[in-house]
Amino acid sequence: MSQWEPKIIAFLCSWCSYSAADLAGVTRLQYPSNIRIIRIPCTGRMSAKFILDALRHGADGIWVSG
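Cut-offs applied
Residues numbered from 1 in each chain as written. Predicted model: local features only at pLDDT ≥ 70, side-chain atom pairs only at ≥ 80, totals over all residues. Heavy atoms only, no water. Helix = DSSP H or I, 4+ residues; strand = E, 2+ residues; numbered from the N terminus. Buried < 20%, exposed > 50% of the residue type's maximum accessible area, 1.4 Å probe, protein only. Contact = heavy atoms within 4.5 Å. Areas by Shrake-Rupley, 256 points an atom, 1.4 Å probe, with all protein chains shown as cover. Lys, Arg positive; Asp, Glu negative; His and termini not counted. Charge placed at Lys NZ, Arg CZ, Asp CG, Glu CD. Phe/Tyr/Trp six-rings, centres within 6.5 Å; stacked < 30°, edge-to-face > 60°. Pairing = 2+ DSSP bridges. Axes fitted to C-alpha atoms, helices over the stretch in contact; angles between N-to-C directions. Polar contact = N/O pair within 3.5 Å; in protein donor to acceptor, adjacent residues only side chain to side chain. Core = buried A, V, L, I, M, F, W, Y, C linked by side-chain atoms within 4.5 Å.

Our next topic: the overall build of the chain. Looking only at helices and strands, the chain features two helices and three strands. Principal axes of the C-alpha set define a box for the chain whose edges measure 40 × 30 × 10 Å. Classification of the 66 residues of the chain by burial places 26% in the buried group. Put simply, 78% of the contacts in the chain that link residues at least 6 apart link residues at least 24 apart. Of the roughly 5,200 Å² of accessible surface on the chain, 57% is carried by carbon and sulfur atoms. A gap of 8 Å separates the mean positions of the 7 positive and 4 negative side-chain charges of the chain.

So, about the packing of aromatic side chains. Applying the stated criterion across every chain yields a total of one aromatic pair. Residues Phe-11 and Phe-50 carry aromatic rings whose centres are separated by 6.3 Å and whose planes lie at 20° to one another, so their mutual orientation is stacked. Of this pair, Phe-11 sits in strand S1 (residues 8-13) while Phe-50 sits in helix H2 (residues 48-56), and the two are 39 residues apart along the sequence. Classification of Phe-50 by relative accessible area gives partly exposed; the value is 43%.

In spatial order, the strands read S2-S1-S3; together these three strands make up an open sheet with parallel pairing. The strands lining the two open edges of the sheet, one partner per strand, are strand S2 (35-40) and strand S3 (61-65). Recorded for the sheet is a direction-independent mean angle of 20° between the axes of neighbouring strands. Judged from the six bridges that link them, S1 and S2 form a sheet pairing that is parallel.

Within the element layout of this structure, Ser-17 appears in helix H1 (residues 17-26). Residue classification places Ser-17 among the buried residues on the basis of a relative accessible area of 11%. A polar atom in the side chain of Ser-17 sits 3.4 Å from the backbone nitrogen of Gly-66. Discounting chain neighbours no more than four positions away, the residues touching Ser-17 are Leu-12, Ser-65 and Gly-66.

The next point concerns the nonpolar core. Counting residues in hydrophobic clusters, the biggest one holds six residues: Ile-9, Phe-11, Ile-40, Met-46, Ala-54 and Ala-59. The contacts of Ala-54, once residues within four sequence positions are left out, are Ile-9, Phe-11, Ala-59 and Ile-62.

Before going further, it helps to spend a moment on the side chain of Ser-14. With respect to the secondary-structure elements, Ser-14 resides in the loop between S1 and H1. Among the polar contacts made by the side chain of Ser-14, one reaches the side chain of Arg-39 at a distance of 3.2 Å.

Quick look at the structure:
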């Protein structure tokens, strides 16, 4: 059985979610290595093209948090 892990792209708001992820890193909390974080200025103004482009380039899932 293969050890497949989905590739998750996380679009995190610079003002809240990214700060929380940064704080988690400072406190040495770990998150799965298959999550790639992209910091964006505001998820409220995020274009759907970012999601489609990530899926087109091999992402298995998208996480938008803000």
